[in-house]
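Tertiary structure, described
So you can see what is in the structure, the chains are spelled out below.
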Amino acid sequence: MRFSLLLASAASLLTLAACSETRQAASGSPDGGTLVIATPTDADVLLPPLAATQLSREVCDQVFDHLAEIGDSLQTIGDAGFTPRLAQRWDWARDSLSIAFHIDPKARWHDGQPVRASDVRFTVALYKNPKLASPFTPQVANIDSASVRDSLTAVVWFHQRRPEAFYDIAYQVAILPEHLLRDIAPEKLMTSQFARHPVGTGRFRFARWDAGSRLELVADTANYRGRAHLDRVVYTITPDNNTGFTQLLSGQADLFEITTPDQLAQLKGNAKVRAFPYPSLQYAFMGFNLHDPKQPARPHPIFGDARVRRAISMALDRRGMLRNVFDTLGAIAYGPFPRSLGSADTTLRLPPFDTTHAAALLDSLGWKRGADGMRARDGHPLAFTLQVPTSSRVRMTYATLIQDQLRRLGITVDIGGMQFPEFMAHQDARDFDASLNAYSTDPSPGGYTQNWGSGGAHKGGSNSVGYSNPVFDALLDSALTSFDPARARAYAVRAYQVLADDAPAVWLYDVLTVGAISTRIHTAPLRADEWWAHLADWTIPPAERIDRDRIGLGAAKP
Amino acid sequence: MARRLLARLGQAAVVLWVVLSAVFLLIHAAPGDPFSFDAPNISPAIRAQWRAAFGYDRPLGEQYVRYLSSALHGDLGYSHSMHEPVRDALAAALPRTLLLMGVALALSFALGVWLALVEVRYAGTWRARLTHRVALFFYSLPDFWLALVMLMAFAYWLPLFPAGGIVDPVLHDYMSPGRALLDLLRHLVLPALTLTLLSAAAILRYQRSELLEVLPMDFVRTARAKGLDEHTVLRRHVLRNALLPVITLLGLAFPALLGGALFVEKVFAWPGMGYLAASAIDARDYPLVLASVVVGSCMVIIGNLAADVLYRLADPRLRRQ
């Protein structure tokens, strides 16, 4: 009898849920639907300070919140453009050395616990804890600590009054739950259960991760900022590019993150799938090691001379190579920055493509052509190895084109194709002549201090080519300490010009990725640093929903 | 028999240790380590800190002793490419590969033996020639190419089956048990069929030559002289005697049950042992590489032992020896 009652109740509830779902669909509510994303690589650590792969960052950005969210213009000076997130509002101290963040009292962790100021204090301490070994440690160097004024007010303290202080705490730091993490040693967090089953405050909550297979997020219906419009986002790991594309074409997936030019050509005339170009803050270059790999204290026998580097830059037809590799989908690099960066300047003076001038320059430096047409000086051939990760088809093609173009100038290039771990090992050890590399920067020019500044040139730093110029360092520092956005940009552009003139690299292309997406998915604006930033606002109109969209969130599993 | 079995087990333990040690040295000799992955924004200093945290900065001998000691205590370590304990990664991948390879091996042996019988039974006719050529065609195809063609043909041009994955990533959990099983089988068809087509040809050719060797023997002539029809002669007398060497083939194929098929698993997004091991090597995921090798070696050893035992059970002459 009791069992029958239970069954009847369950049936009524299911009927009610179905009715509600039907009403929702009939009323044209934007809420509902499932987005399936086919992605080639799996996530790594689902903990924001340790997330390294793009998928981990995508997931962490949905599950965790920042105190404030950067605007779509990616303005990093002061708090202009930032909108409230976990902090409803904030007050600057008179000396700008601290900011009091007032936590939204409605904010809850996905386990139901309220968000408290002590979570902010704990998070800041964790990001700065050397035992955690977070890659974000340099980005939060100016943050001193956080204190608790009351349960809903956290005060973040800075070492120095700097224009990007707000950006440092709001953009770089995602707030973590103290009550779930305080008992885990920081050095154990990478392998902790939490890093596989995160609990955050975002509009999506973590649901499930089958390593190497799929990862699922579901809408947090009780979220303080309102639920995500989509019911769920499912990432399916499809290591083969053709399989991912076939999944999209057959309707098994809704979004495929990386397409090749020939795949894009197949989309013409397809009413169900369209191209999905999205910006990024990545730029690719051929970097020259400025130090002798065998004796790092000495300059590189070829690339130690800036004039040789400039000659090589002039010998390369960057636009021709771009057209060859990307057809019409490429974007030429205007300098040592991606064009989406706020401080990017498309009028920077780069060494022009001029093979006659390049040849004359090399001749004048004593690198003369021999009987075989190849150049040498004092018996040493003008030859070097270009290291390339074989996993990147684009970079391998670029390497072949570079090899061919430099051969015509009398320079021998050996292509050193290698697996990525080997490539990284050589980069870390500074054991290379030249390499084809790609950097991903964040919205602030601050990242350049690590990648191109003298501070990162030491072994163990990120400046693998070992470039060091005090003028560049000073201009970059001026850019980062200027409170006037126009002046900051002007300093940054001057710094980029110095870098371009010194030619520690040939700036090849901006990484503009084109994916493909089902036409039933209605996207929100795509932000240059993270296309997924407004994923919670994406919708699937009720009339275009399919079976997997209609499950709803309350559906019981059999 | 028991003493012989024990001796073989002792040899197996030595083989396992030698293989494990060799792979340990080889994978550590390869440039890079588990923290050399593609993330240019992570500085070498941070990578060095992570290495130190997991003991990868220690001398190789110390790492070796620590690994052996942990492994003997049942701790296979932490997988840096799967981001979970190696034990969990294996527990997830093993059943998937067992299912795929089990079905594919059963189908390919059944198909291979049956086609060999057809070829022998209809020797000299168009049927035999067609069987031979079709088998040769599939035998000569690269596995990744056939997998891609199968995927495009039956998941896109003629959308009968799903384009990869083990189950429907969204709806599977909400299906009744019957529909969930059907869903699993639908996802299994293309990868299993691809592997079957690729390996059935090899079995066919092997089995055919065995059948042809047995066919002229006296006992076959006697069977025919007794008035048995050709079908019965082939099935009862020729095939039973010609099946013995196939046991060897089965023993050799046994490791493939867990070794998986790398390209087929990759194309069909079937995260089994083959793909797991290949990804682990690419990512220099030392603990997972070593665990995969241990599993693979165990299967080789077990496969050979099983083949030996089966041989003796199947062939009375060997039992008498």
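A few points on the structure. (Residues numbered from 1 in each chain as written. Chains lettered and ligands numbered in written order. Predicted model: local features only at pLDDT ≥ 70, side-chain atom pairs only at ≥ 80, totals over all residues.)

**A short note on helix α7 (residues 177–214) of chain B**
Taking 1.5 Å of rise per residue, the 38 residues of α7 of chain B would be expected to cover 56 Å, yet its terminal C-alpha atoms sit only 47 Å apart, more than 12% below that figure. Helix geometry: α7 of chain B is bent most strongly at V189 of chain B, by close to 35°, with proline P191 of chain B lying one to four residues after it. (Helix = DSSP H or I, 4+ residues; strand = E, 2+ residues; numbered from the N terminus. Expected span 1.5 Å × (residues − 1). Bend = angle between axes of the 7 residues up to and from the residue.)

**Section: the environment of R227 of chain A**
Residues and elements named next belong to chain A. Structurally, R227 is set in the loop between β9 (214–219) and β10 (232–237). Judged by local crowding, R227 falls into the partly exposed class, with 17 C-beta atoms found within 10 Å. Here the alpha-carbon distance between R227 and F204, two residues 23 residues apart in the chain, equals 7.7 Å. Those residues within four positions of R227 in sequence are excluded, and the remaining contacts are D31, R203, A219, D220 and T221. (Buried ≥ 20, exposed ≤ 12 C-beta atoms within 10 Å, placed from the backbone. Contact = placed C-beta atoms within 7 Å.)

**Describing helix α8 (residues 218–225) of chain B**
Counting buried residues along α8 of chain B, only zero of its eight residues qualify, which leaves the element largely exposed. Count one or two residues on from α8 of chain B and you reach G227 of chain B, which has phi positive near 100°.

**Considering the packing of helix α4 (residues 86–121) of chain B against helix α9 (residues 230–242) of chain B**
Residue and element names in this part refer to chain B. At a minimum axis separation of 11 Å, α4 and α9 run at an interaxial angle of 130°. It follows that α4 is oblique to α9 by the angle criterion. For the pair α4 and α9, the sense of crossing is right-handed. Contact residues: L117, V120 and R121 in α4; E230, L234 and L239 in α9. By residue class, the composition of the contact of α4 with α9 is four nonpolar, no polar and two charged. (Axes fitted to C-alpha atoms, helices over the stretch in contact; angles between N-to-C directions. Parallel < 35°, antiparallel > 145°, perpendicular 65-115°, else oblique. Left-handed = near helix turned anticlockwise from the far one by under 90°. Nonpolar A, V, L, I, M, F, W, Y, C, P; charged D, E, K, R; others polar.)

**Considering the environment of P159 of chain B**
Residue and element names in this part refer to chain B. Structurally, the position occupied by P159 is in the loop between α6 (143–157) and α7. Take P159: there are 15 C-beta atoms within 10 Å of it, and that puts it in the partly exposed class. Here the alpha-carbon distance between P159 and L188, two residues 29 residues apart in the chain, equals 15 Å.

**A short note on the sheet that holds strand β5 (residues 98–103) of chain A**
Residues and elements named next belong to chain A. Here four strands make up an open sheet; going across it, the order is β4-β5-β7-β6 and the pairing antiparallel. Two strands in the sheet have a free side with no partner beyond their single neighbour: β4 (87–92) and β6 (143–150). Strand-to-strand twist in this sheet, taken as the mean axis angle between neighbours without regard to direction, amounts to 25°. Of the strand pairs in this sheet, β4 and β5 are connected by five bridges, and their pairing is antiparallel. Within the sheet, the bridge partner assigned to R89 lies in β5 and is H102. Against the sheet, helix α3 (residues 117–128) touches β5, β6 and β7 (153–158), its axis set at about 165° to β6. (Pairing = 2+ DSSP bridges.)

**A word on the nonpolar core**
Ranked by internal contacts, the top residues of the largest apolar core, which has 155 residues, are F101 and A170 of chain A. A total of 13 residues in this core trace back to one element, the largest contributor, which is α4 of chain B. Look past the residues within four positions of A170 of chain A in its chain and what remains in contact with it is H66, L67, A68, I70 and F82 of chain A. (Core = buried A, V, L, I, M, F, W, Y, C linked by C-beta atoms within 7 Å.)

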